Amino acid sequence: MKRKTIKALTICLMCLIFACTQVQAKNQWTPQMEAEFQQRSKYIITKLAGREYGSTAQESEKKSYPRAMIDFLAGNREKAIAFLQSEDADAQSHSHTLGIDFYSGFTLKGQVRKYFYFGKYLDPTYRQRMKDAMGILTKVDPLTRRFPNRQEFWSKDNCDSWVDCRNTDNLRAMREVAVYLFAEETGNEATRKIYKERISRNVQTLYQIGQGEWDSENYLEHAVTTYVNLYDFAKDPQVVSLAKAALDWFFTSGSLKYWRGGFGGPSKRDYNQGNCVWCSLATHELGLYFGDSPVSDPQPSPDSVHLMTSSYRPPLGAIALARKQFSKPLELLNSKPTYENWLPGGDAAPQFYETLYFGNTFQLGTLAQGSGGDWNGFKMMAFNSQRGVDYFIAATGTDPTQISTSSIYGENIAQYRNLVIWLNNKPKAPFQFFLPKSAKLETTGGVTFIRYEKTWLGLIPINLEIQGINAVATEKIRDRYPNDEILTALGNGGLSGFALEIGEKETHSTWEHFQQSVLHQSHLNLDGVGDGVVEYCGVMGKVKLQYQPQGLPKVWRNGLFHNWQNHYAVYQNAQGGKIPIYEGCNLHFLDAIAEQNAVDALCLEWVNAEIIRDQRATQQTSDQIFDPVVVNSTPKVLFVKGTNFQIQVWRALLCVTFGGMTTYQGLAEAIGRPTATRAVGNALGRNPVAYLIPCHRVIRESGELGGYHWGLERKTAILGWEASRNQNLK
């Protein structure tokens, strides 16, 4: 599975003398960016200072600790510290850890920053008590220590362990980060190693399949405020690197859905509360770094204290993505994992397939299976000069307060760039559309046109009666969304739905020209609707959908059949090129005579990068790489770019152990493509990371060495060296 790539590192190995070429994509923050970040931080502190903290009962520290920390930063130090070191409301329940609450994941997150960042302001006796409690908690893995009675969280996930056992992505991260840091602080090395391995596995999973709570308008916030604790306070440099890798991933994935203070879709664990600027929890944290909104955050999150007191800064690439500073239009084809991906088989294949399109004045995302459960499958954000963005959301069902996830099920959606077909097979299917009251609606020639400030929609019904703005439904959302309204429609029986075409000045020149184009140039073909086939031809392309009552729809994008199994990549450019802002790892063997050629190649690959030679960093890296004990025991995170097939081959190579070998045929069989030996060889030749992705361990069935990108002499030497070292280690 292709991994999303963030940092660039190219290491050139020259015989026994190592030189390093590090590609830095100029992702250091400028003084102006830092000043703007500090200004936003001061705004949040001023906005939240002086408020009541709350209590420490159960997991109330989720809110009360950040509020107290914010108040401390505002200057109310004595009051804040007195609260932070006050006796816990449930101290008796935590007598095994000296009355310190180290149970709930949310509480753990606050305890970490309280101890490591604000600890120097705590009473020394209290701080020592916290440390002693950490030592008790982590003497052995606290997940293996049991209470006689269970702690109620959720009916299916109550815990009897010494620490929160819940396993959603954000809660697992809170537990593992806290236990790791506590074990490291108190010298409980066995527990530290256990949790380092778990953290490493979790971070690798992000890059391999993504996050189970993917793009959550709520839980993305909890993830980033957890990993900054690890980044700021871990002592092990490898763990700090893992923390940065996780944070870079979260902020880069979040930057695709963030825009001007809004948070788009699709998204998992969408609670229907985030369909306006600064309304989703994730925007508070993303916006602290990304800014770029015409309005200030009216209700910032106290949890931002974790970021305001952290040294972490997202890479410039993530900020550019959030501000949409890349060439448009752009379409990405993305995959999303199952929620419980930690269970056996949970990482075998994606559960959701997302199409995400960026126009000049809007971004639109859909899922092939639409919305349902707790996920949103259709959401558009459009530019608004005063509010930041406006939303357009489509759904089936009749409850407008659940517009993001509402569904009667049976949805099939096909999207190609700015064109969408949506079909539902339920009789008399009710549809509802969420849009701003400022949008202008008019119906001409059977098409409902919707005019946003700079974005234009043509809604073409398919066996669907557009009923108009529904006053009753609009009233139901008034408290949360006073500036928006609900348009309703009803299916006429059989397959029903709509086609959608979106235009803007850059594609259609004027509103009037867009209308005329939809009415007279675009075409909805319903000749095959009896067989579930609908095709819509727009000005800039066409999309076709064949309805499937089970599984994913059959889709043709601009005339080409779309094979879902070829789109397991977490993020993939629909045109096959690089994603908007790309960085990646390379590791090559070089002879001195080829050094300048390599530098020239790097300059061509990284046109806007600065090439920096760092032999000290290379020596440290090479010492780790060529120590088989380190190689076999310490996972490394590699950020690589390749086709889906190439990634499959490279991942399979990682299973060939140190000192071992396989064949081209064996590797082809390992990836389930036994007849693709020639393609496997080609993929090996494109391997960007020598040695660590061990293509040197692949030989022919006959026993001959076969080819090697860096020369057969070197391949022979490496295999001999590994065999001898492997023998010495036995």
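Scope of this entry: the structure provided in the associated data block. Here the structure is a predicted model, which means the values were calculated and not measured. (Residues numbered from 1 in each chain as written. Predicted model: local features only at pLDDT ≥ 70, side-chain atom pairs only at ≥ 80, totals over all residues. Heavy atoms only, no water.)

Quick word on the state of the cysteines
The condition is simple: In plain terms, two cysteine sulfur atoms within 2.5 Å form what is called a disulfide here. Relative accessibility decides the category of a residue: with a 1.4 Å probe and only protein chains considered, values under 20% of the type maximum give buried, values over 50% give exposed, and everything between is partly exposed.
Scanning the model with the defined rule gives two disulfides in all. Across a sulfur-sulfur distance of 2.1 Å, Cys159 and Cys165 are joined as a disulfide pair. Here the disulfide of Cys159 and Cys165 is left-handed, its torsion about the S-S bond being about -90 degrees. Assigned by exposure class, Cys159 and Cys165 land together as buried. Covalent S-S linkage joins Cys276 and Cys279, the inter-sulfur distance amounting to 1.7 Å. Taking the sign of the S-S torsion, -80 degrees for the link of Cys276 and Cys279, the bridge is left-handed. Given a relative accessible area of 17%, Cys276 falls into the buried group. By sequence order of its bonded cysteines, the chain has the disulfide arrangement 1-2, 3-4.

Describing the packing of aromatic side chains
Let me state the cut-off plainly: The criterion for an aromatic pair is that two Phe, Tyr or Trp rings (for Trp, the six-membered ring) have centres within 6.5 Å, with stacked assigned to planes under 30 degrees apart, edge-to-face to planes over 60 apart and tilted to the rest. A run of DSSP states H or I qualifies as a helix once it reaches four residues; a run of E qualifies as a strand once it reaches two. Both are numbered from the N-terminal end. Each ring is checked for a lysine NZ or an arginine CZ that lies within 6 Å of its centre and within 35 degrees of its normal; such an atom marks a charge sitting over the ring.
One pass over the structure, following the stated rule, counts 47 aromatic pairs. Where Phe431 meets Phe433, the ring centres are 6.5 Å apart and the plane angle is 15 degrees; that geometry is what we call stacked. On the basis of relative accessible area, Phe433 is assigned to the buried category, the value being 0%. Arranged with centres 5.4 Å apart and planes meeting at 70 degrees, the rings of Phe433 and Phe498 form a pair that is edge-to-face. Taken as a pair, Phe433 in strand S14 (residues 430-436) and Phe498 in strand S20 (residues 496-504) lie far apart in primary sequence, 65 residues in all. On the basis of relative accessible area, Phe498 is assigned to the buried category, the value being 0%. The ring centre of Trp162 lies 3.8 Å from the NZ or CZ of Arg145, which sits over that ring. Between the NZ or CZ atom of Lys328 and the centre of the ring of Phe326, over which it lies, the distance is 5.1 Å.

So, the sheet that holds strand S7 (residues 330-336)
To keep things clear, this is the line we draw: Strand pairing is assigned whenever DSSP detects at least two bridges linking the two strands. Orientation is described by axes fitted as lines to C-alpha atoms, over the contacting stretch for helices, and by angles from 0 to 180 degrees between their N-to-C directions. Whether two residues are in contact is decided by their heavy atoms: any pair within 4.5 Å suffices.
Spatially, S7-S8-S9-S10-S11-S14-S19-S18 is the arrangement adopted by the eight strands of the open sheet, whose pairing is antiparallel. Single-partner strands in this sheet number two, and they are S7 and strand S18 (464-469). Here the average twist between neighbouring strands, direction ignored, is 15 degrees. Lying over the sheet, helix H9 (residues 237-257) contacts S7, strand S8 (352-358), strand S9 (362-367) and strand S10 (378-384), oriented at roughly 60 degrees with respect to S8.

Some remarks on the pattern of salt bridges
Keep this limit in mind: A pairing counts as a salt bridge when a side-chain nitrogen of Lys or Arg comes within 4 Å of a carboxyl oxygen of Asp or Glu.
A full pass over the atoms with the stated rule returns 27 salt bridges. Across the salt bridge formed by Asp236 and Arg192, the nearest N and O atoms sit 3.2 Å from each other. Here Asp236 is found in the loop between helix H8 (219-233) and H9, whereas its partner Arg192 is found in helix H7 (residues 189-209), with 44 residues between them in sequence. The exposure classification of Asp236 matches that of Arg192, with both residues buried. In this structure, the salt-bridge partner of Lys336 is Asp215, at a minimum N-O distance of 3.1 Å. Here Lys336, found in strand S7, pairs with Asp215, found in the loop between H7 and H8; they are 121 residues apart in sequence, far enough to count as distant. For Asp215, a relative accessible area of 4% puts it in the buried group. One salt-bridge network, in which partners are shared between bridges, spans Glu189, Arg192, Lys196 and Asp236.

Quick word on helix H4 (residues 105-116)
Here is the rule: To estimate how far a helix should extend, the number of its residues minus one is multiplied by 1.5 Å.
In this model H4 runs 17 Å from its N-terminal to its C-terminal C-alpha over 12 residues, within 8% of the 16 Å that 1.5 Å per residue would give. Along H4, 11 of the 12 residues are buried, which leaves the element largely enclosed by surrounding structure. Along H4, the residues classified as buried are Gly105, Phe106, Thr107, Leu108, Lys109, Gly110, Gln111, Val112, Arg113, Lys114 and Tyr115. Buried positions along H4 lie against helix H2 (61-73), helix H3 (77-84), helix H5 (124-137), helix H6 (169-186), H8 and helix H11 (305-308).

A short note on the sheet that holds strand S12 (residues 411-416)
A sheet is described by the order of its strands in space; here six strands give the open sequence S12-S13-S20-S17-S16-S15, paired in antiparallel fashion. Whereas interior strands pair on both sides, the edge strands pair on one side only; in this sheet they are S12 and strand S15 (440-444). Strand-to-strand twist of the sheet, defined as the mean angle between neighbouring strand axes without regard to direction, takes the value 15 degrees. Pairing of S15 with strand S16 (residues 447-451) involves five bridges; the strand directions are antiparallel. In the sheet register, Glu442 faces S16, and the bridge partner there is Phe449.

Looking at the packing of H8 against H9
The criterion, for reference: By the definition adopted for this analysis, an angle is roughly parallel if under 35 degrees, roughly antiparallel if over 145, roughly perpendicular if from 65 to 115, and oblique otherwise. Each helix crossing is assigned a hand: it is left-handed if the near helix lies turned anticlockwise from the far helix by less than a right angle, otherwise right-handed if that turn is clockwise. Charged residues are taken to be Asp, Glu, Lys and Arg, nonpolar residues to be Ala, Val, Leu, Ile, Met, Phe, Trp, Tyr, Cys and Pro, and polar residues to be all remaining types, Gly included.
In the contact formed by H8 and H9, the axes pass within 8 Å of each other and the chain directions differ by 155 degrees. Between H8 and H9, the angle is such that the two are roughly antiparallel. Of the two possible hands of crossing, H8 and H9 adopt the one that is left-handed. Between H8 and H9, the residues in contact are Leu220, Ala223, Val224, Tyr227, Val228, Leu230 and Tyr231 and Val239, Val240, Ala243, Lys244, Ala246, Leu247, Phe250, Phe251 and Gly254, respectively. Here the contact of H8 with H9 is built from residues that sort into 14 nonpolar, one polar and one charged.

Limitation: the analysis is restricted to geometry and does not speak to function.
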